[in-house]
Structure formats: structure tokens, C-alpha cells
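Here is what each chain is made of, one letter per residue.
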Amino acid sequence: MVTVQGISQFSDISFQTAVTIGTFDGVHLGHAKILERLINNAKSEGLKSTVLTFFPHPRMVLQKDTDIKLLNTLDEKVQILDDMGLDYLIIHPFTKDFSRLSATEFVRDILVNSLKTKKIIIGYDHRFGRNRNANIQDLIAFGNTLDFEVEEIPAQEIDEVSVSSTKIRNALLEGDIATANSYLTYPYMLTGTIKKGKGLGKQFGFPTANLHIAEDYKLIPKNGVYVVKSTMDGVEYFGMMNIGYNPTVSGKEKSIEVNFFEFEGDLYDKKIQVNILHRIRDEHKFDSVTELQEQLKKDKKQSLLLISK
């Protein structure tokens, strides 16, 4: 997959495209249905499968919704879409000026003149143009005039997979990792850099890697203990992760700490991806460090049982 930063970098292409448009946060099962159809159509019709997506998320720009939390960082989304086998991903900066393009300008200047679109595959409820005032019927009318085909994915087909990014966000905030993962096309992931912590885990016999996530818009699941998996230098490692404040040792700041069971080495300043597989329990304040250590032993035992299934 070729990733292109901005529509202007996609000009003067010598091929025609099959396109779908959206934010695709999470790239969940509903998104996958659209993307698979796009890829198959492009192959059968000699076109290049192309996704046009936007960053920042339009709600961040238009609604000043700085509290919105996304399921993917931009890098994670690129990785997931790449794994699906797309030809091109265009990440266009979403600005207020861009949002003011009329439906005609968007279709003529972006879809037809820049992307050389011959086919658009889009959900039945797609809206576009200034104030989102154009719909699928308008897009079909543009296609008849400007010589591209519109394939609509009907409501009943998308609704067969009753899933949305909002449902996944809510599941994660409730600690329901099983439901979230069932809606996604992969285990929910956290990607960040390992930073030095206080070293308390090592003192307890459970050394932890402290994961720092730079993107403040990334959704962090509910506090608690989780079973996780990471791949580092081609080797798969399992472990358990705590999200929370470490109340037993009077922690003041929220942290994400991972104890890898069989890893030996230095992870400081390395960027890793942690895939969340199961949730074990809520975070608790124990009466003593000894009681916490005993609980951690139980957590590890439960983690190993879940991993072995």
C-alpha cells in the first residue's frame, strides 16, 4: 500500500481509481465489509483501490470536540489498512477551509480531477460537501454527469454487522475488551514508547515496562489488569498490563505498565505495540505490598491459563 500525505501529492496520476471515503476509526467489521468490496471491485475492473481519509478527525476541527477519543492513532490506522491489501491510502488534512468545499467542488476537483475516480463505493448514509448537505442520490447524479459509477452499500447489508466505532469506544471504557475485540478486525492495541518508571514492579518481583502514549486522543481502556501480547524483534511475548494509579503504593499519576513473562532485555526508549487479549480484574488498593504481590501471582497464573486456551 502506498500512503500519500494530502490530495495534492496524488495529482498527475496515470491510472484510474475505485474510491471509498471516511475516517475509518477502528477499521471495524463494518468498515472491513466496505473495504473488501472496494478491493475486489478494483481488481476486477482494473482500477486502483483507494481510501480517502482525513486527519485530524473532522469532529476535532468543526466541533472543537477535543475530548473525543479515537480507537486508532494515525500510525495504527495506516498499519491496519496496509494489512488489508489496499493500493493507496490518502490522508488529507481536515481543515475548516476544506470543510467549506461545496459538494460540486469536492466531487469535481477532488474525486474526478485529482483522484481520477471511476467508481465510488460508499455506505447508504454517506453525506458530503459544505454542512454535509449532499447525499448518496446527489453523488449518483454527479456520477451520471462526470462519468463515474456509484455503488451503494445498502442499510440492511451494513446493519447485518451491527457495529460502530461508538459501540467499541463504550465497550472499552467499560472494560469489555471481549466485545470490543469481537467488533474489530484485530485485538485492540496500544502503541507507545517505553519510559523509565519508579522501578517498584522490579522490587515486587514483577518488573514492568512503562508505556507512554504520545497521542492524547488515543482511547485508553478502563483501569484494570489485562492479558496482553507484543511482538518484538520477530518474537512473540505474552504478559499482563495494569492501567491505573497504583493505589497500593499511593500512586498519583495514571500509568500503563506491562510485565512481560519471558522477556529479558532493555526496552527503554523503544516503541512497542501492545495487543490486549483479555481483562482479568479491576484495579484495587491492597492493604499491604505483600497482599499486592500475592494478587500479582494469582493474576499471572490466570493470565497463563487464558493464554494456553
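Please refer to the structure placed before this passage.
A quick note: this is a predicted structure, and the numbers were derived from the prediction, not measured.

Draft legend 1. Molecular detail of the packing of aromatic side chains. Evaluated as defined, the whole model comprises eleven aromatic pairs. Their ring planes at 70 degrees and their centres at 5.8 Å tell us that Phe 94 and Phe 98 sit as a pair that is edge-to-face. For the pair formed by Phe 94 and Phe 98, the shared burial category is buried. Ring plane angle 85 degrees and centroid distance 6.3 Å describe the contact between Phe 98 and Phe 106, whose orientation is recorded as edge-to-face. The exposure class assigned to Phe 106 is buried, which follows from its relative accessible area of 7%. Feature note: the residues Phe 54, Phe 94, Phe 98, Phe 106 and Phe 128 constitute an aromatic cluster, connected by ring pairs.

Draft legend 2. Just the pattern of salt bridges, in detail. Across all of its chains, the model carries 16 salt bridges by this definition. Where Asp 282 meets Lys 222, a salt bridge forms, and the shortest distance between an N and an O atom there is 3.9 Å. Pair noted here: Asp 282 is in the loop between strand 12 (271-281) and helix 11 (289-308) and Lys 222 is in the loop between strand 8 (209-212) and strand 9 (224-232), with a separation of 60 residues, a long-range link. Look at Asp 282 and you get partly exposed, because its relative accessible area is 32%. Assessed through its relative accessible area of 34%, Lys 222 is described here as partly exposed. Counted as one network, the salt bridges with shared partners bring together Arg 37, Glu 45, Lys 119, Glu 149 and Glu 151.

Draft legend 3. Spotlight on the pairing of strand 11 (residues 255-260). Within strand 11, six of the six residues are buried, which leaves it mostly tucked inside the rest of the structure. As defined by bridge partners, strand 8 adjoins strand 11 across two bridges and the pair is classed as antiparallel. Within strand 11, the residue paired with Asn 210 across the bridge is Glu 257. Here six bridges tie strand 10 (residues 235-244) to strand 11, and the two strands are oriented antiparallel to one another.

Draft legend 4. Quick peek at the environment of Pro 56. Here Pro 56 is to be found in the loop between strand 3 (48-55) and helix 2 (58-62). What makes Pro 56 partly exposed here is its relative accessible area of 27%. Separated by 52 residues in the primary sequence, Pro 56 and Arg 108 have C-alpha atoms spaced 23 Å apart. With residues near it in sequence (within four places) discarded, Pro 56 still touches Val 61 and Phe 94.

Draft legend 5. Fine view of the nonpolar core. Core analysis: the largest hydrophobic core is formed by 47 residues, its most contacted members being Leu 172, Tyr 188, Leu 190, Leu 211, Met 241 and Ile 276. With five residues, the single largest contributor to this core is helix 1 (residues 29-45). The contact partners of Leu 211, leaving out residues within four places of it in the chain, are Leu 190, Gly 192, Thr 193, Ile 194, Ile 256, Ile 272 and Val 274. Counting 29 residues, the second-largest nonpolar core is a separate cluster that includes Val 61, Phe 106, Val 112 and Phe 148.

Draft legend 6. Geometry of the pairing of strand 3. By the criterion of burial, strand 3 is predominantly enclosed, with six of the eight residues buried. Alignment of strand 2 (residues 17-21) against strand 3, held across five bridges, turns out to be parallel. Across the sheet, the residue bridging to Val 19 is Thr 50, located in strand 3. Direction of pairing for strand 3 relative to strand 4 (residues 88-93): parallel, over a ladder of six bridges. Each residue of the ladder has a partner; that of Phe 54, found in strand 4, is His 92.

Draft legend 7. Broad picture of the sheet that holds strand 10. If you trace the six strands once around the closed barrel, you get 7-8-11-10-9-12, paired in antiparallel fashion. Neighbour-to-neighbour, the strand axes of the sheet open up by a mean angle of 45 degrees, direction not taken into account. Lying over the sheet, helix 3 (residues 74-84) contacts strand 7 (189-195) and strand 12, oriented at roughly 130 degrees with respect to strand 7. Across the sheet, helix 11 is in contact with strand 9, strand 10 and strand 12; its angle to strand 12 comes to roughly 100 degrees.

Draft legend 8. Up close: the environment of Gly 175. Mapped onto the elements, Gly 175 comes out in the loop between helix 8 (165-173) and helix 9 (177-183). Residue classification places Gly 175 among the buried residues on the basis of a relative accessible area of 11%. Between the C-alpha atoms of Gly 175 and Pro 221, which are 46 residues apart in sequence, the distance is 6.1 Å. In this structure Gly 175 touches Lys 222, Tyr 226 and Arg 279, once residues within four positions along its chain are discounted.

Draft legend 9. Representation of the side chain of Ser 303. Structurally, Ser 303 is set in helix 11. Leave out the neighbours within four places in its chain, and Ser 303 touches Val 227, Met 240, Phe 261 and Ile 280.

Cut-off values and rules
Residues numbered from 1 in each chain as written. Predicted model: local features only at pLDDT ≥ 70, side-chain atom pairs only at ≥ 80, totals over all residues. Heavy atoms only, no water. Phe/Tyr/Trp six-rings, centres within 6.5 Å; stacked < 30°, edge-to-face > 60°. Buried < 20%, exposed > 50% of the residue type's maximum accessible area, 1.4 Å probe, protein only. Salt bridge = Lys/Arg side-chain N within 4 Å of Asp/Glu carboxyl O. Helix = DSSP H or I, 4+ residues; strand = E, 2+ residues; numbered from the N terminus. Pairing = 2+ DSSP bridges. Contact = heavy atoms within 4.5 Å. Core = buried A, V, L, I, M, F, W, Y, C linked by side-chain atoms within 4.5 Å. Axes fitted to C-alpha atoms, helices over the stretch in contact; angles between N-to-C directions.

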